[in-house]
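# Summary of structural features
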Amino acid sequence: MILSNLNRHFRLLSTGAALSLLMIAAPAAFAETPKDTLVEGFAIDDIITMDPGEAFELSTAEVTSNTYSLLVRLDMSDTSKVKGDLADSWTVSDDGLTYTFKLKPGMKFASGNPITAEDVAWSFERAVKLDKSPAFIITQFGINGENVAEKAKAADESTFVFTVDKPYAPSFVLNCLTATVASVVDKKLVLDHVKPVTPSADYKYDNDFGNEWLKTGYAGSGAFKLREWRANEVVVMERNDNYYGDKSKLNRIIYRFMKESSAQRLALEAGDIDIARNLEPGDLDSIGKNADLATTSAPKGTVYYVSLNSKNENLKKPEVQEAFKYLVDYDAIGSTLIKGIGDIHQTFLPAGQLGALNDKPYKLDVAKAKELLAKAGLKDGFSVTMDVRNTQPVTGIAESMQQSLAQAGIKMEIIPGDGKQTLTKFRARTHDMYIGQWGSDYFDPNSNADTFTTNPDNSDAGTVKTLAWRNTWEAPELDKETKAALLERDSAKRAAMYEDIQRKFLANSPFVIIFQQTEVAGYRKGLKDFKLGPSFDTNYVGPIGKE
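So, here's what we can say about the structure. Note that the structure is a prediction, hence the values are computed from the model and not measured.

### Observations concerning the overall build of the chain
Each helix and strand in the chain was counted, giving 20 helices and 19 strands. When contacts within the chain are restricted to residue pairs at least 6 apart in sequence, long-range pairs at least 24 apart make up 71% of them. On the chain, roughly 21400 Å² of surface is accessible, and the fraction owed to carbon and sulfur atoms is 49%. Within the chain, the 75 negative side-chain charges are centred at a point lying 2 Å from the centre of the 64 positive side-chain charges.

### Here we look at the pattern of salt bridges
Inspection of the entire model under this criterion finds 35 salt bridges. For Lys187, the salt bridge is made with Glu118, and the minimal N-O distance between the two is 2.9 Å. Here the residue Lys187 occupies a position in helix α8 (residues 187-191), and Glu118 occupies one in helix α4 (residues 117-130), the gap between them amounting to 69 residues. Residue Glu118 is classed as partly exposed on the basis of its relative accessible area, which comes to 37%. A salt bridge links Asp444 to Arg494, with the nearest nitrogen and oxygen atoms 2.9 Å apart. Here Asp444, found in the loop between β16 (433-439) and α17 (446-453), pairs with Arg494, found in helix α20 (residues 491-507); they are 50 residues apart in sequence, far enough to count as distant. Comparing Asp444 with Arg494 shows no difference in burial state: the two are buried.

### Some details on the packing of helix α12 (residues 318-325) against helix α14 (residues 366-375)
When two helices pack together, their arrangement is given by the angle between their axes and by how far apart the axes lie. Relative orientation of the contacting elements α12 and α14 amounts to 170°, with a least axis distance of 8 Å. Put simply, α12 runs roughly antiparallel to α14. Of the two possible hands of crossing, α12 and α14 adopt the one that is left-handed. Here α12 contributes Glu319, Val320, Glu322 and Ala323 to the contact with α14, which in turn contributes Ala369, Leu372, Leu373 and Lys375. Residues that form the contact of α12 with α14 fall into these classes: 5 nonpolar, no polar and 3 charged.

### Quick look at empty space enclosed by the protein
On inspection of all chains with the given rule, the structure shows 4 cavities of 30 Å³ or more. Reported here for the second largest cavity is a volume of approximately 110 Å³. Lining the second largest cavity we find 14 residues, and of these Leu74, Thr178, Ser535, Asp537 and Thr538 sit closest to its centre. The residue makeup of the lining of the second largest cavity, split by class, is 5 nonpolar, 6 polar and 3 charged.

### Overview of the nonpolar core
Most often, soluble globular proteins keep nonpolar side chains buried together rather than apart. Ranked by size, the top nonpolar core spans 63 residues in total, and within it Phe101, Phe124, Phe160, Phe162 and Phe452 carry the most contacts. Residue contributions to this core peak at 6 residues, all from α4. Filtering out sequence-adjacent residues up to four positions away, Phe101 remains in contact with Leu71, Val72, Ala87, Ser89, Trp90, Ser158, Thr159, Phe160, Phe162, Leu174 and Leu177. Core analysis: the second largest hydrophobic core is formed by 54 residues, Val39, Ile254, Ile273 and Ile287 among them.

### Comments concerning the sheet that holds strand β7 (residues 159-163)
The 4 strands lie next to each other as β4-β5-β7-β6, forming an open sheet whose pairing is antiparallel. In this open sheet, the two edge strands, each paired with only one partner strand, are β4 (87-92) and β6 (152-156). Along the sheet, successive strands turn relative to each other by an average axial angle of 25°, direction set aside. Two elements, strand β5 (residues 98-103) and β7, share 5 bridges in a ladder whose sense is antiparallel. By the bridge assignment, Thr98 is partnered in β7 with Thr163. Sheet contacts for α4: β5, β6 and β7; angle to β6, the most-contacted strand, approximately 170°.

Here is what the cut-offs are and how they apply
- Residues numbered from 1 in each chain as written.
- Predicted model: local features only at pLDDT ≥ 70, side-chain atom pairs only at ≥ 80, totals over all residues.
- Heavy atoms only, no water.
- Helix = DSSP H or I, 4+ residues; strand = E, 2+ residues; numbered from the N terminus.
- Contact = heavy atoms within 4.5 Å.
- Areas by Shrake-Rupley, 256 points an atom, 1.4 Å probe, with all protein chains shown as cover.
- Lys, Arg positive; Asp, Glu negative; His and termini not counted.
- Charge placed at Lys NZ, Arg CZ, Asp CG, Glu CD.
- Salt bridge = Lys/Arg side-chain N within 4 Å of Asp/Glu carboxyl O.
- Buried < 20%, exposed > 50% of the residue type's maximum accessible area, 1.4 Å probe, protein only.
- Axes fitted to C-alpha atoms, helices over the stretch in contact; angles between N-to-C directions.
- Parallel < 35°, antiparallel > 145°, perpendicular 65-115°, else oblique.
- Left-handed = near helix turned anticlockwise from the far one by under 90°.
- Nonpolar A, V, L, I, M, F, W, Y, C, P; charged D, E, K, R; others polar.
- 1 Å grid on protein atoms, 1.4 Å probe; cavity = no way out; pocket = protein on both sides within 12 Å on 5 of 7 lines; lining within 4 Å.
- Points joined across faces, edges and corners; volume = space filled by probe spheres on them.
- Core = buried A, V, L, I, M, F, W, Y, C linked by side-chain atoms within 4.5 Å.
- Pairing = 2+ DSSP bridges.

Rendered as C-alpha cells:
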C-alpha cells in the first residue's frame, strides 16, 4: 500500500528527507498523512525570524509558544488568570515592585542542559539589550540595558527576581510575562553561537547575543523542538522528549506554506493536509458540508485596521482621517469577505477584554466623506497607495476600499506583497496606507491601548516602535490617560477609562479599524483534541492526536 510504505519511509528517513518526500507526494491523492505527523496548511509568509527576542509576527508566535517555555502562561480554563509554566510559584512584595518566582525542579532544555534561574535572567537581559520590536513589553517596566542585570536576576539556581518601577496591577505584570518575548532560552547553547559585533552609537554591545543564529536556530524547552524553517515554504517541529510537561501525542508537526484558501480546501479534501488554517467564507461552507471534514472556530483578540501614515501631508489632516472612516463599506465586508471569520468592530480593544466597546459610529457615507475632504481643501481628491499582503480577506477589503474611495475622488493604488515585504515597509514608516492585523500581546487592555496611542519619540530614530509610531502619529493626551489607566486597580474605574480613550480615538486618529477576527479552521475528523485558542500563541498542538 502507498500509505504504509510512506509511513515506513517516514520512520526510516531523517526529518529533512521525510519532509521532502511528503512535499513531493502531496499533489497525488493518498488516504491520509502519516499517523505520527500533523500537517497544517497555513499562510506563514509573515515569519521573519524565529528568535523569540525579535519575532513579533502572529504565525511566529504560534511556533514559538509551542517550542519555548515561559515563566507563566495564560490559564486556558480561565483566561483572566495565569498559571505557572517554568514557575512553580511566585510572590509579590507588599510595595508591589518585586516579583519572586520559584522554578519547578529538575527541568531540562531540549539540548539536555538544566533550566536554571540564570537562564531566565539572561533571556530577559538579551531581549532588552537586543532591543528588537517586542522588547518594549519588558522595558515598559523601567528596565533598560544598563539596569536589566539588577532588575531581572537570579537570586539562586531556582529563584528569579523581577523588579518593576511602579506598583502596577499584578495581573498586568504577569500577563506581560506570558508574551513570547519573555520566552526562556538556553544560555549555554546560545553562547556557543554568538557572533562578535563592533559596538557603535546605535548598539553598544560586542556580540549579537546569538540573534543571527536564532533566526533559524533553536534553544528552547517547549513541547516541540524547532527542526527547520524555510521562508515561504515550511516550518517543521519535532517532539521534545526532554519536555517537563505532558508529552506531545505526535512526533512531528509540519506547517506547509499555502496562501490560497481554495488550495488549502482542496488539499484538506484530498488528505494531503490535516488542518486548513486560512479559509475564506466560501471554502469554509464547503468544508462544513463534507462528511469527512469538520470546522472549528474561536474569537481572537485580533483586530484588522487600515493605517494612514501622517508623513503623508494629505493623510495627516484630521478631516481626511475621518473621511476615510466613512469610505469603508462595512456592511458589504461583513456579509461577504469576513462572513464566519470575523465581526465588524471599530474600536481597538477586542470584545472580551476589560473596557472593550461595541460602538460602531461609522458606515459608508460618501456624501459625508466628500464634505470632510472639502473642509480639508481636497474637494477634488488626491492619489495615495496602500501596501497589502496578498492574502484574503485583506486583499478583498483593499479592493472594496479602492472602489469606495474612488467615489469620493480618491485614487488608491494597491501595492501587493508578501507578509515580510509589507511589514518591513510599515515598520520603516515608508508606507502611505497599510492594511494589517494586530493581536494583543497579553490579555490586558493596556496591550492594545498602549500600541495604538503611545509614541514618546516620533522621530525615525525612535525606539518605542508602537503602531502609533509606525503611523507617525502623536496623541499625548490619550497616552497620558492610557498610562493612568494602567495604574488604576479598581476594575470598574479602569474599564471606564479605557472606554473614554477609545471614544476619543475613534473620533480623531489615523486608524480605520474594521473588524475583529474569528479564527476558523477546517480539519479531518480523524483528529482528536484539536482546539484553537483565544490568541495565536495559545494555539497549542501538543494535545492533538490521530485516530
